[in-house]
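Here is how the chains run, residue by residue.
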Amino acid sequence: MLSVEQLQKIASLLIKAYRADIVRDGDWWFGIDDYDFNIWSDDSDLYNINVYEHNGKGMDKYSHWIDLPQVYLSSN
């Protein structure tokens, strides 16, 4: 199990690599071995980051997630 700090580092790397896609989609998902990252906004420039743990076969813990700090991603 990864720490919150490790998950935050991964989220930061994902945002750096996929910022344009995240802003374009507004509700963006990315999966790694044991976690799915959902970076989303409700029509503002402030994005929520939710991380869901899974067993590699899908999200079997969808009712539980880890909230990471929100980030500001301007659409400009």
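Residues numbered from 1 in each chain as written. Predicted model: local features only at pLDDT ≥ 70, side-chain atom pairs only at ≥ 80, totals over all residues. Heavy atoms only, no water.

A.B. asks: Looking at this model, I keep getting lost on the sheet that holds strand β3 (residues 46-53). Mind explaining?
C.D. replies: Sheets are built from strands paired through backbone hydrogen bonds, the pairs being either parallel or antiparallel. Across the sheet, 4 strands lie side by side as β1-β2-β3-β4; this open sheet has antiparallel pairing. Among the strands making up the open sheet, the edge pair consists of β1 (27-31) and β4 (66-72). Neighbour-to-neighbour, the strand axes of the sheet open up by a mean angle of 20°, direction not taken into account. Here β3 pairs with β4 via 5 bridges, running antiparallel. Within β4, the residue paired with V51 across the bridge is I66. (Pairing = 2+ DSSP bridges. Helix = DSSP H or I, 4+ residues; strand = E, 2+ residues; numbered from the N terminus. Axes fitted to C-alpha atoms, helices over the stretch in contact; angles between N-to-C directions.)

A.B. asks: Just to check I follow, could you spell out the environment of Y35 for this structure?
C.D. replies: Its place among the elements puts Y35 in strand β2 (residues 35-40). Assessed through its relative accessible area of 4%, Y35 is described here as buried. Along the backbone, Y35 and M1 are 34 residues apart, and their C-alpha atoms lie at a distance of 9.5 Å. Apart from the residues lying within four places of it in its own chain, the contact partners of Y35 are M1, L2, L7, F30, V51, Y52, E53 and H54. Looking at Y35, its side chain comes within polar contact range of the main-chain nitrogen of L2, at 2.9 Å. (Buried < 20%, exposed > 50% of the residue type's maximum accessible area, 1.4 Å probe, protein only. Contact = heavy atoms within 4.5 Å. Polar contact = N/O pair within 3.5 Å; in protein donor to acceptor, adjacent residues only side chain to side chain.)

Any functional reading would require information beyond the geometric quantities listed.
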